[in-house]
Amino acid sequence: TKSVFTQPGKLKEADLLMVFGSPDLRTPEAAAEMYKRGYIKGVKGKDGRVVKIIISGKKGRLNQDWEKTEAETFRDIVVEKGVPADEIILEIEATTTHENIQNSIVIMKEKELRPRRFIIQAKPELQRRTWAHFVNDFAGEEEYFGKVEGINYAPYVSDTGRMDNEELALARKL
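Residues numbered from 1 in each chain as written. Predicted model: local features only at pLDDT ≥ 70, side-chain atom pairs only at ≥ 80, totals over all residues. Heavy atoms only, no water.

Draft legend 1. The arrangement of the packing of helix α3 (residues 97–110) against helix α4 (residues 127–139) in detail. Packing of α3 against α4 brings their axes to within 9 Å, and their N-to-C directions diverge by 40 degrees. The angle between α3 and α4 falls in the class oblique. Here α3 runs over α4; the crossing is right-handed. Residues Thr97, His98, Ile101, Gln102, Ile105 and Met108 of α3 form the contact with α4, whose participating residues are Arg129, Thr130, His133, Phe134, Asp137 and Phe138. Among the residues making up the contact of α3 with α4, the classes are represented as five nonpolar, five polar and two charged. (Axes fitted to C-alpha atoms, helices over the stretch in contact; angles between N-to-C directions. Helix = DSSP H or I, 4+ residues; strand = E, 2+ residues; numbered from the N terminus. Parallel < 35°, antiparallel > 145°, perpendicular 65-115°, else oblique. Left-handed = near helix turned anticlockwise from the far one by under 90°. Contact = heavy atoms within 4.5 Å. Nonpolar A, V, L, I, M, F, W, Y, C, P; charged D, E, K, R; others polar.)

In structure tokens form, the structure reads like this:
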């Protein structure tokens, strides 16, 4: 697995955008923006459908009161922002970063999706953990996927310098 860490403005085109849920609703907004800018080519599955985004996440301890899962909530936001719903696949059972990736791999295999380059997107505080799991989990999948490249992309930076103690405490929980 080849790793590429990038900054805004230095993204490469990818086959698939993997978005990981959280209570931070800036993440799906950033995903929709990335889609609109044309960074995601998409990959065709066995049913002929082109998939551009996989959104993964059930609920965490900070959003148990949400009516829908993180993945469903994020999907609603990206669709509202102009992403076609038929280009999105949901994974709604994952409650950890490891499960986000493992469950997404299972779905890609079921749908016979074989992306080679991924953009990995989560809230900035989780990017390192998300990347570590991506590298570890895809290491054993070369027989199916071949050699893959991941682009670890934090779409925004939390501005902790302007937060008071209460906001910092909340940000640490997110």
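Draft legend 2. Spatial organisation of the packing of helix α1 (residues 26–36) against helix α2 (residues 70–80). Where α1 contacts α2, the two axes come as close as 9 Å, and the packing angle between them is 40 degrees. Overall, the two elements α1 and α2 adopt an arrangement that is oblique. Viewed along their axes, α1 and α2 form a crossing whose handedness is right-handed. Mapping the contact onto sequence places Thr27, Pro28, Glu29, Ala31 and Ala32 in α1 and Phe74, Ile77 and Val78 in α2. When its residues are assigned to classes, the contact of α1 with α2 shows six nonpolar, one polar and one charged.

Draft legend 3. Structural detail: unusual backbone geometry. In this structure, Glu112 takes a positive phi of about 55 degrees despite not being glycine. By the secondary structure assignment, Glu112 is in the loop between α3 and β7 (117–121). Given a relative accessible area of 40%, Glu112 falls into the partly exposed group. (Buried < 20%, exposed > 50% of the residue type's maximum accessible area, 1.4 Å probe, protein only.)

Draft legend 4. Here's a closer look at the pattern of salt bridges. Under the definition given, this model contains nine salt bridges. Among the salt bridges present, the one from Glu149 reaches Lys12, with a minimum N-O distance of 3.2 Å. One end of the pair, Glu149, is in strand β8 (residues 149–152); the other, Lys12, is in the loop between β1 (2–5) and β2 (16–20), and 137 residues separate them in sequence. On the basis of relative accessible area, Glu149 is assigned to the buried category, the value being 9%. (Salt bridge = Lys/Arg side-chain N within 4 Å of Asp/Glu carboxyl O.)

Draft legend 5. Broad picture of the nonpolar core. Membership of the largest hydrophobic core comes to 22 residues, with the highest contact counts inside it found for Leu16, Met18, Met108, Phe118, Phe134 and Phe138. Elements with a minimum of two residues in this core: β2, α3, β7, α4 and α5 (142–145). When residues in this core are grouped by element, the largest group, four residues, is from α3. Sequence-distant contacts of Met108, defined by excluding residues within four places in its chain, comprise Leu16, Met18, Ile54, Leu113, Pro115, Phe118, Phe138, Tyr144 and Phe145. Core analysis: the second largest hydrophobic core is formed by 19 residues, Leu11, Met34, Ile40 and Ile55 among them. (Core = buried A, V, L, I, M, F, W, Y, C linked by side-chain atoms within 4.5 Å.)

Draft legend 6. Region of the structure containing the packing of aromatic side chains. Counted according to the given criterion, the structure contains six aromatic pairs. Centre to centre, the rings of Phe118 and Phe138 are 5.0 Å apart; their planes meet at 55 degrees, and the pair counts as tilted. Here Phe118, found in strand β7, pairs with Phe138, found in helix α4; they are 20 residues apart in sequence, far enough to count as distant. The class of Phe118 is buried, set by a relative accessible area of 0%. Relative accessible area serves as the criterion here: at 1%, Phe138 is assigned to the buried category. Aromatic rings pair up to connect Phe118, Trp131, Phe134, Phe138, Tyr144 and Phe145 into one cluster. (Phe/Tyr/Trp six-rings, centres within 6.5 Å; stacked < 30°, edge-to-face > 60°.)

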